[in-house]
Amino acid sequence: MKNHNMPKPLEIYVHIPFCAKKCAYCDFLSAPAGRKQQEEYGQAVRKEIRGLSDTEDFEVVSVFFGGGTPSLPEASLLTDILDELKIKLKFSPEAEITIEANPGTLTKEKLSAYRNAGINRLSLGLQSADNRELQILGRIHTFEEFLESWRLALEAGFDNINVDLMFALPDQTEAGWEQTLRRTAKLGPAHISAYSLIVEEGTPFAERELNLPDEDTEYRMYDRTAEVLAEYGYEQYEISNYARPGAACRHNLGYWDRTEYLGIGLGAASLFGGQRFSNTAVMAEYLADSGDPNKIRRNLQTLTLQEEMEEFMFLGLRKTAGVSEAIFEEKFGKNMNEKYGSVIEKYVRTGFLERRDGHVRLTGRGIHVSNTIMADFLEG
Ligand code: SF4
């Protein structure tokens, strides 16, 4: 029987696959596009939203406009999509609504339009506070242009801002990384994400001879990140994410807690109704069929109980709080230790995992080998 009093939380991701120009390291689904193509895409996204079904029992707790560069198109493209979502779906009054934006694409007018539409969180892609590094990365902006966007965002009333950073860049030193961290933290954003550069096949970086920091230096840069940011009041709450108290990104936490989410737009991934699937990554297919979401969904996978438990473990372990034994039991009707006791014990013995207050979590050392540990839960 459906319980209409207790809506289930739902997260929405909307993919905007356009960028002013491609960065040298980027393998995301994004490309430059003219105004007409952008508008056509915006219409197709709204059609997809109108065609959604089985969403009556849900309440939207977060929306994330990601890309690509969602701040590249006219603001109305995004705000019309948000309006469409609000017509179609029930929203929590406290919903966190984020837009990813790149310095160099923001104006005062755009920022005001976002605020007026109810967007309450901004994620700025800075990557580095060093102009030489920004140039090597192929970014379209300088650090000074970022500062200008930062100022405009504050003026427009944004008080929940994330800044994305990247380390282990070509020719980057530990001191250089620390300077980027300090320059950013001094501004006092609510949230900072810091990922290491991964050179992906098929990107211009993969073709170049790059002078990348060695593994030990990268480890030290990683450890230094939490130390430096702690000086400015940031707590690490996930492998690559740091926030002031109370400012952790609810949308991201939802992914790691396996809250159901619907990905709208080209190539967007979903976890919904016990299934994982992703939309077609072929623009022509998306534009033709978005009005019938079932036609554009690919790679449908119905999760078994076993797979759900595995996901709970390896996604949940990304959080510094770790995974809760009680929640595991409540969700799956099984004891976590009966199911994964031997894997957990193995890593507790080696000092990579620890048990505390009914949670199992990665230790500082464990984070460095997290991929290996998480893979072990897949065979559980
Ligand atoms: S702005 Fe982001 S999505 Fe666009 S090309 Fe650069 S890294 Fe890729």
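Nothing here was measured: the structure is a model prediction, and the numbers come from that model. (Residues numbered from 1 in each chain as written. Predicted model: local features only at pLDDT ≥ 70, side-chain atom pairs only at ≥ 80, totals over all residues. Heavy atoms only, no water.)

### Some words on the nonpolar core
Phase 1: Ranked by internal contacts, the top residues of the largest apolar core, which has 86 residues, are Ile12, Phe65 and Leu85.
Phase 2: In terms of residues, this core owes the most to one element, helix 2 (residues 75–88), which gives six residues.
Phase 3: Counting contributing residues per domain, this core is built from domain 1 (8–255) and domain 2 (305–378), each supplying no fewer than three.
Phase 4: Once you skip the residues sitting within four places of it in the chain, Leu85 turns out to touch Ile12, Val14, Ile49, Val63 and Phe91. (Core = buried A, V, L, I, M, F, W, Y, C linked by side-chain atoms within 4.5 Å. Buried < 20%, exposed > 50% of the residue type's maximum accessible area, 1.4 Å probe, protein only. Helix = DSSP H or I, 4+ residues; strand = E, 2+ residues; numbered from the N terminus. Domains from an automatic or database assignment. Contact = heavy atoms within 4.5 Å.)

### Comments concerning the site of the ligand
Phase 1: Around the ligand, the neighbouring residues are Cys19, Lys21, Lys22, Cys23, Tyr25, Cys26, Phe28, Ser30, Gly68, Thr69, Asn102 and Arg139.
Phase 2: Classifying every residue of the shell around the ligand by side-chain character gives five nonpolar, four polar and three charged. (Near = heavy atom within 4 Å. Nonpolar A, V, L, I, M, F, W, Y, C, P; charged D, E, K, R; others polar.)

### Notes on the packing of aromatic side chains
Phase 1: Under the defined criterion, the tally for this structure stands at 17 aromatic pairs.
Phase 2: Ring geometry for Tyr25 versus Phe205: centroids 6.4 Å apart, planes at 45°, classification tilted. Residue Tyr25 is located in the loop between strand 1 (8–16) and helix 1 (35–50), and its partner Phe205 is located in helix 7 (residues 204–207); the two are separated by 180 residues in the primary sequence.
Phase 3: Ring geometry for Tyr347 and Phe352: centres 6.4 Å apart, planes at 40°, overall tilted. Side by side, Tyr347 and Phe352 carry an identical accessibility label, which is buried. (Phe/Tyr/Trp six-rings, centres within 6.5 Å; stacked < 30°, edge-to-face > 60°.)

### Here's the deal with the domain arrangement of the chain
Phase 1: According to the domain assignment, the chain consists of domain 1 (8–255) and domain 2 (305–378).
Phase 2: Between the C-alpha centres of domain 1 and domain 2 there is a distance of 29 Å.
Phase 3: Listed by partner, the interface residues are ten residues for domain 1 and nine residues for domain 2.
Phase 4: Contact with domain 2 buries area across many residues of domain 1, yet Tyr219, Glu238 and Ile239 alone supply 51% of it, more than any other trio.
Phase 5: For the pair domain 1 and domain 2, the number of links is one salt bridge. (Buried area = accessible area lost by both parts, 1.4 Å probe. Salt bridge = Lys/Arg side-chain N within 4 Å of Asp/Glu carboxyl O.)

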